[in-house]
Amino acid sequence: MDKTVNHSLSVCISKFTVIIVLFSFSFSQARAQEILRWEPVAPGIWKAEAGTPERYNLLTASGAKPVIKALEKMGSAPFPLDPALITAGIFDGQVYLKFPLVRGERIFGFGLNFKTIYQRGKILTLHVDHYGGTDNGRTHAPVPFYVSDRGYGVFINSARYIRVWAGTSVNRDRQEPSAVRDRNTDKRWTSAPYSDAVDILVPAAGCEIYIFAGPSALDAIRRFNLFCGGGPLPPRWGLGFTQRVPTLYTSQQVIREAEEFDAHNFPLDFIGLEPGWQSRAYPCTFEWDKTRYPDPEGFVRTMLEKGIRLNLWTNPYVSPESPVYEKILPYTGSHNVWGGIVPDFSIKEAQEIFTGQLKKSQVSIGISGYKIDEVDGYDRWLWPDVAIFPSGNSAEQMRQTYGLLLQRITSEMFREANRRTWGLTRASNGGGVSFPYVIYNDYYSHEDFITALINSGFCGVLWTPEVRSSKTAEEWIRRFQTVCFSPMAMINAWASGTKPWSFPEVEDDVRYYAYLRMQLIPYFYTEFAKYHYDGTPPFRSMVLEEGFNPVETEEIKNANLEDNPYLEALRGEIKDQYMAGEYLLVAPLFAGQTSRKVILPKGNWYDFYTGEYAGNGEIITVTPGLNRIPVFVKDGGIIPMMPPYSKAPAAGKKYDLEIRHYGTKEGHYLLYDDDGETFDYEKGIFSWREIRVEPGKNGRMTGSISKAEKWKPDNIGNVTFRFMSLNQQKK
Ligand code: GAL
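Okay, so let's go over this structure. No experiment lies behind these values; they were computed from the predicted model shown.

Here is what the cut-offs are and how they apply
Residues numbered from 1 in each chain as written. Predicted model: local features only at pLDDT ≥ 70, side-chain atom pairs only at ≥ 80, totals over all residues. Heavy atoms only, no water. Helix = DSSP H or I, 4+ residues; strand = E, 2+ residues; numbered from the N terminus. Rg over C-alpha atoms; globule rule 2.2 N^0.38 Å. Contact = heavy atoms within 4.5 Å. Areas by Shrake-Rupley, 256 points an atom, 1.4 Å probe, with all protein chains shown as cover. Lys, Arg positive; Asp, Glu negative; His and termini not counted. Charge placed at Lys NZ, Arg CZ, Asp CG, Glu CD. Near = heavy atom within 4 Å. Polar contact = N/O pair within 3.5 Å; in protein donor to acceptor, adjacent residues only side chain to side chain. Nonpolar A, V, L, I, M, F, W, Y, C, P; charged D, E, K, R; others polar. Pairing = 2+ DSSP bridges. Axes fitted to C-alpha atoms, helices over the stretch in contact; angles between N-to-C directions. Salt bridge = Lys/Arg side-chain N within 4 Å of Asp/Glu carboxyl O. Buried < 20%, exposed > 50% of the residue type's maximum accessible area, 1.4 Å probe, protein only.

## Looking at the overall build of the protein
Scanning the protein from N- to C-terminus turns up 16 helices and 34 strands. At 28 Å, the protein has a C-alpha radius of gyration in line with the 27 Å of a compact globule built from 731 residues. Counting only C-alpha atoms, the protein reaches 110 × 70 × 55 Å along its principal axes. Pairs at least 24 residues apart make up 74% of the contacts formed inside the protein by residues separated by at least 6 positions. With an accessible surface of roughly 29,300 Å², the protein has 52% of that area assigned to carbon and sulfur atoms. On the protein, the mean spot of the 81 positive side-chain charges and the mean spot of the 84 negative ones are 2 Å from each other.

Structure (structure tokens):
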């Protein structure tokens, strides 16, 4: 053979070999997803990496730091899933993940959904956006975390638009083959045969995956929350009542508003100023408007002297007329929003220029917090996905983390000043658990607001079902009642100009609930402390409550769930009643309803207002009248309440306690106390006071509360015990 022929033959063979190798490589990759290698990172928490994870992700954007001590207290737990059934592969430059599901398993979470609790069967694209009326993944906090009633949680740490098939796909090679039915003749035919997997697509070269052990679903949530820093501890005043005034109010009108609250005998802890406090808005200057607020310092001082704090609305888009425009310009993205430049808040310089202005003009004169608006969507209002940011983070990553970044840098300003803040945000995401911000939006379905409140507890965020306006007095009081059992008791009158007394027919009832909220501050404050120290969400779904979630029986599986709400509840889809703290079960009514069903978990439950026995593991029907929102207390429940003050007690101010006990069981409660305003609790300056209710020598229930430890905060004055169910005990 001559040399040239030989050469071309070998070229041909080697080309052929390359083709074969490439072909078999892609073929085997397409078939064999890899099993992930799990590495423990904290007790009951494991991490794995698929592909090459990106450096910028939800945890780096939020700066979340695990609370290792609290996690250690929870103890270790076995890996909650069969690791062989969790697979990952990189195809098409993206991460393909698969997690197992078993029959009857329910999953919850995937962020702040408004219509559904039960997420199995959903197809979602987790994308920060203003909620648009459908649970499709586009929402204010599309947290890529889900939790299973089999007692584990899964978190995907990626700031990408993650796609999820939550138990909808049927894998050809799955162990339990689908029943194949004939649609022509078999009534049981379904277009969606049983699926045993959660499939997740992360459009990135890699990502981190975390698994959280139980044993219960609530434990998995607690581990997730603690891993992300634990919940925020609000200032005590943050749990008081707040009113947001019309957008163009002047300082004089705001002062008058506070006086009117006094005149009408309504509590008020902080007022929110809407866009008109700024000289220009949409885009913003971050400067006081000189006509409406000629003397900001004097105005803030006057309000603080009245015991009223101020919260300021802003969006982050910088007007050419802002004093920081020129300085921040080099650190902004390629596209504008409402004619304003868009700071790249993942860059230190942008953070410093922005917070420098806020500190100088507002925080230093005593402003106590912000409402961070417009960091969620809609697409047509924000930058497009082709925008370029100077940090090199993609427009998509910026969209997924913008709310996180703003919460982080603004809360940092208050920490530096050793003052706690309590604000509002319209976007958050995984990792944002510890930020002192409550999510709100422009959507206004009362029912869906309650579903969102329930879902917030699955994904480490807080939500307020804010009250704005109402068509009727009935709607007004119904909305008002629920906002008093939420993380922020607020009327947002920016457009409506409503006041708590706007509907005179129900003014007394509104006042009653505003003051009840104030009385419940010691209880809610402690429940938030549990969120902070133990990771337990203060507002959460009934499915996380023991005794509510029995195993699905054959009867339930086969039942027509449509016409049996109790069976529906057992499947987890109960979205109109929830737990507020350890002991309270809240069952709101909506306009048009005069009665409703309430599902009481196993164990005795008592009426909050009267202490009367209400039921045990059953469905009851209540007909409460407009002046009551049904609230029930667990047997042995202890509810510490303070007098109906119009303001939350200031640091160091003593307050009396009425400690209520419900039911017949002995009661035990740890009451949290600190100065309520600073971060000194991080230095150990807090106390847990032990409350006990048990039979005394004479067999009668008696209550006791432990003394505060030496040198620890002691804000509690006189204590009285009230045994709410004592008379009913004889029955
Ligand atoms: C909206 C916000 C409202 C109000 C308004 C003021 O975006 O959701 O609560 O603040 O802006 O312009």
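## Digging into the site of the ligand
Neighbouring the ligand are Glu-274, Pro-275, Tyr-282, Trp-313, Lys-371, Asp-373, Glu-374, Arg-426, Tyr-440, Asp-442, Asn-492 and Trp-494. One nitrogen or oxygen atom from the side chain of Glu-274 is found 2.3 Å from an oxygen atom belonging to the ligand. Separating an oxygen atom of the ligand from a side-chain N or O atom of Lys-371 is a distance of 2.8 Å. When isolated, the ligand has an accessible area of 310 Å², and the protein chains bury 95% of it. Each residue belonging to the shell around the ligand can be placed in one class, and the counts come to five nonpolar, one polar and six charged.

## What about the sheet that holds strand β2 (residues 39-42)?
With antiparallel pairing, the six strands of this open sheet are ordered in space as β2-β3-β13-β10-β9-β6. The sheet is open, and its two edges are formed by β2 and β6 (107-109), each paired on a single side. Direction aside, neighbouring strands of the sheet carry axes that sit 30° apart on average. In this fold helix α4 (residues 217-227) packs onto β2, β3 (45-51), β9 (145-148), β10 (152-157) and β13 (206-213), with an angle of close to 130° to the strand it touches most, β13.

## Describing the pattern of salt bridges
Evaluation of the coordinates by the stated rule reveals 44 salt bridges. With a closest N to O distance of 2.8 Å, Arg-426 and Asp-376 form a salt bridge. Separated by 50 residues along the polypeptide, Arg-426 in the loop between β18 (423-425) and β19 (437-439) and Asp-376 in the loop between β17 (369-372) and α9 (395-416) bring together distant segments of the chain. By the burial criterion, Arg-426 is buried, and Asp-376 matches it. Look at the salt bridges and you will find they share partners, linking Asp-373, Glu-374, Asp-376, Arg-426 and Asp-442 into a network.

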